[in-house]
Each structure stands twice: as structure tokens, then as C-alpha cells.
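A look at the structure
Listed below, chain by chain, are the residues.
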Amino acid sequence: MRIILLLVLFTFDANAQSAERGKKLYEEKNYAEATKTLNAIDDKNGDYAIAQYYLGRIASDQKNYEEAVDFFKEATEARNGENAEYFTWLGNTYGIIARDANVFRQGILAPKMKNAWEKAIALDPKNLDSRFSLIAYYTQAPSFMGGSMDKAKEMARQITVIHPAQGHRSMGNLLAKEKNSDGAEKEYVEMARLEPTLTPILGNFYFSQKKFDKAFALFDEGVKKNPQDMLSAYQLGKASALSGQRLDQGEELLVRYLAYAPKQNEPSHAAANMRLAQIYEKNGKKAEAKTKYETALKLDNSLQEAKEGLSRVSKP
């Protein structure tokens, strides 16, 4: 009896190690070895759900979204599959597929994604990702499929209870969508007060409203408090590029930003080169602007503003 018990414990430990190893290989982006390890975990194993989840993450990273849905669905239906994260990823992947699908298929996928996000929230009421996704759903879906601005606003209010700054951000986005600029600004100001790292969102709102004086004041304050605040430096450069004001200062700050290594989620060097090109263009330096637009597009060919700018400065 003791030998059998030891064998069971050994098997359990080996399976747990396999799941952990598969996760680690995934995080290292060693997808081939991760797939091999995770596929070896069968549906009788208590770690089957997490194995299917990470196989879904691999498929999603590789943009094999139909395959990813199958894995995420399997994860949610497996033993130990009652996990908010699994349902969030299932809903989000349905959403990605629906984005490029025809109207008929979108109608089939819509309730599936909505149900997945609602299940995620039921399992974990503090799950913000699914709440954000439901807001997007409510604002984009037609009313007969559950779309409703009132529902979206109610979800934003619920988020405010869980995470006040993100709740104000969500409400600001909704009011901006309704063209309620004053209401949106109040929400974004409160968001930035509660969480200063979200200040660039308020700045981008000012850019969209062409309220450049407020944008300059906002990021001037950031640089004044911390001269090494490179994010505020970039945003000041952007304000200069978009407004045509304080061009010399904008150029200086963007050159400094290009000597800095941006952290994750900070503006890229491609974006900084594009903004610098816009400043050169406004200063009448077409050759310099052309070079910077070209550099921006080499780093990120998706920058539409850079493509438009290059087209302008390339004309004789």
C-alpha cells in the first residue's frame, strides 16, 4: 500500500513539474518545447486545464486564433477550469476572430464572447480585463445583441468601486465617445489625480481636443517636478509637433528622448522620430524631416502619420 501511495505522489509531482516546465518554456517563448511538454499532459491529469490554457496562449501569440479558441474552450471545460483568466482569454479570442468575420459569423460569436466575459467576472468580480472588454462590447454591439451605452456606463461605475482611476478612465472614454468634452475632461483629470502614471491619457485627450495650452501646462509640471521624467519630455515634444508651438524646445526634448531606452508601454523611438520629423517639417527643414520620417517607418511601418508626412516632404 505504501508503495502504491508513493507511486501516486511521484506521478502527481511529475505532472505538476511538467505543467510548470511548460509554463516556463512558454514565458521564455520556446514555443516548440513548451508545446511538446504541454501536449504530454492528458485530460486525466489535474493540470490538464492549465496545459490547455498555455497551449491557447501559444496559439494566440502565433495568431492562430481559431486553434487558440479550441484550447481555451477546452481549458474552461476541464476539471479545475473554473478560472477567470481562462474565460477572459476565451472571450477576447472570440472577439479577435469576430473583428474580421462576416456579419453572420459575428452574430454567432457575439453571445459567446459576452458569456465568457460575464463568466470571468462571476468567478472574479475584480477582473478588470473582462470588464473593459464588456464595455467595448456594449458600445459596439447593436441593441438587439445587448449593446447599450447605459450598460457601458454602469460597468464603468462598477470599475470605479474596484479601481477608481481605471473607472474614471473608462467613464472618460465613454463621455468622449458621446462628444461630451467637458464631462470627459473631468473624468480624465480625476483619473490622473488618482494615478499620475495615467497622465499621458489626459494629455492625449487634450491633443485630440487641440487644447495645446493645457497639454503644455500638464507636461511642463511633470518635467518641473522631475527633469529626468522622459515620458513627460516626450509628451511635450509631441505637443510641440502637433501644435507648431515651442518648436525649439520640442526638438531638444525629442532628441533627448531618442538617447533614452524606452521602457515597456512607453512611446517608441519610431514615434519619437516621427514627432521630430513633424517639428522639422513645421520649421521648413524638409530634408531633415524626410530622413526622420524614413527612420520612423523603418522602425515601425504601421505609422500612418509618418507615411503621410513622408509623402508631403517628398513632393518637389
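Structural data are supplied above this passage.
All of the points below concern the structure found in this document. (Residues numbered from 1 in each chain as written. Predicted model: local features only at pLDDT ≥ 70, side-chain atom pairs only at ≥ 80, totals over all residues. Heavy atoms only, no water.)

**Topic: the packing of helix α5 (residues 84-99) against helix α6 (residues 103-123)**
Put simply, the rule reads: Think of each axis as a best-fit line through the C-alpha atoms, taken over the contacting stretch in the case of a helix, with angles from 0 to 180 degrees between the N-to-C directions. For the purposes of this entry, the term helix denotes a DSSP run of H or I that reaches at least four residues, the term strand denotes a run of E that reaches at least two, and both are numbered from the N terminus. Here the word oblique covers every angle except those under 35 degrees (roughly parallel), over 145 (roughly antiparallel) and from 65 to 115 (roughly perpendicular). In a left-handed crossing the near helix is turned counterclockwise from the far helix by less than a right angle, and in a right-handed crossing that turn is clockwise. A contact between two residues is defined here by any heavy atoms of the two lying within 4.5 Å.
Interhelical geometry of α5 versus α6 gives an angle of 160 degrees and a closest axis separation of 8 Å. By the criterion of interaxial angle, the relationship of α5 to α6 is roughly antiparallel. Viewed along their axes, α5 and α6 form a crossing whose handedness is left-handed. Contact residues: A84, F87, T88, L90, G91, N92, Y94, G95, I97, A98 and R99 in α5; R105, Q106, L109, K112, M113, A116, W117, K119, A120 and L123 in α6.

**Points about the pattern of salt bridges**
Note the cut-off: Criterion for a salt bridge: a side-chain nitrogen of Lys or Arg within 4 Å of a carboxyl oxygen of Asp or Glu. Type-normalised accessible area, obtained with a 1.4 Å probe on protein chains alone, sets the label of each residue: buried when under 20%, exposed when over 50%, and partly exposed for intermediate values.
All chains considered together, the criterion is met by 16 salt bridges. Between K114 and E118 there is a salt bridge, and its shortest N-O distance comes to 2.8 Å. Here E118 and K114 lie together in helix α6, a separation of four residues that amounts to about one turn. Taking relative accessible area as the criterion, E118 reaches 31% and is therefore assigned partly exposed. Where E154 meets R157, a salt bridge forms, and the shortest distance between an N and an O atom there is 3.4 Å.

**Some words on the packing of aromatic side chains**
Between two aromatic rings, the relevant description is the distance of the centres plus the angle of the planes. For clarity, the threshold we go by: Two rings from Phe, Tyr or Trp (for Trp, the six-membered ring) form a pair when their centres are within 6.5 Å of each other. A pair whose planes differ by under 30 degrees is stacked, one over 60 is edge-to-face, and the rest are tilted.
If you walk through the whole model with that rule in mind, you get twelve aromatic pairs. Members of the aromatic cluster, each reached through a chain of ring pairs, are Y26, Y31, Y53, Y54, F72, Y86 and W89.

Purely geometric numbers; function is a separate question.
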